[in-house]
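# Commentary on secondary and tertiary structure
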Amino acid sequence: VRGNFALKSTLAQFLRTSMGGGESRRKLVRELRDFILLLLNMHGKIQRERLIYVYETLAKRQQEEEENDDARRNNDYGVITTETITFILRTVAKKTIDCWEAKVEDDEDFAGMFPKVAACHGVYWIKKKEMMKELVELYECAGDDAIVDNYMIC
């Protein structure tokens, strides 16, 4: 992240043992961790309240869709709770006064020493951002100016 490498979420053993649940839950938790790493890469910091908003919004949308078509989805966003978000944040970030920042400082020298590897790393995050477009848009939409009566409006 931002000049540092992080363990690929699919390889993170602690996600398998500590998060419990079935494969669909583990898949969502890996997605959450990747999303957190993406946001740290993009912004250098994360606001936990925005993350909570993203996953509450997705869970609500999913519930409405299921009510309309009586279909159960494999991705149950309702399993991503505030506690889950905080747990994952603590694995890669540290709490500051108003946000969460990466535990490891940026390594600006890395790109200069290894430009091909850094370029490959950059392409990976561009692709990951495109794959997580809906999540990114919800997060970006959840700005401080979008909060009305404790609800975020887009």
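Computed from a prediction, not measured in an experiment: that's the story for all the values here.

Analysis parameters
- Residues numbered from 1 in each chain as written.
- Predicted model: local features only at pLDDT ≥ 70, side-chain atom pairs only at ≥ 80, totals over all residues.
- Heavy atoms only, no water.
- Axes fitted to C-alpha atoms, helices over the stretch in contact; angles between N-to-C directions.
- Helix = DSSP H or I, 4+ residues; strand = E, 2+ residues; numbered from the N terminus.
- Parallel < 35°, antiparallel > 145°, perpendicular 65-115°, else oblique.
- Left-handed = near helix turned anticlockwise from the far one by under 90°.
- Contact = heavy atoms within 4.5 Å.
- Pairing = 2+ DSSP bridges.

## Quick word on the packing of helix 2 (residues 23-43) against helix 7 (residues 133-141)
Interaxial distance between helix 2 and helix 7 falls to 11 Å at its minimum, and their mutual angle equals 60°. In terms of axis orientation, helix 2 runs oblique to helix 7. Of the two elements, helix 2 crosses helix 7, and the hand of that crossing is right-handed. Every residue of helix 7 that contacts helix 2 at Glu 31, Phe 35, Leu 38, Leu 39, Met 42 and His 43 is listed here: Leu 135, Val 136, Tyr 139 and Glu 140.

## Observations regarding the sheet that holds strand 1 (residues 45-46)
The 3 strands lie next to each other as 1-3-2, forming an open sheet whose pairing is antiparallel. The open sheet terminates on both sides in strands that have one partner only, identified here as strand 1 and strand 2 (93-95). Direction of pairing for strand 2 relative to strand 3 (residues 100-102): antiparallel, over a ladder of 3 bridges. Following the sheet pairing, Lys 94 is matched in strand 3 by Glu 101. Sitting on the sheet, helix 4 (residues 82-92) touches strand 1, strand 2 and strand 3, and the angle it makes with strand 3 is about 35°.

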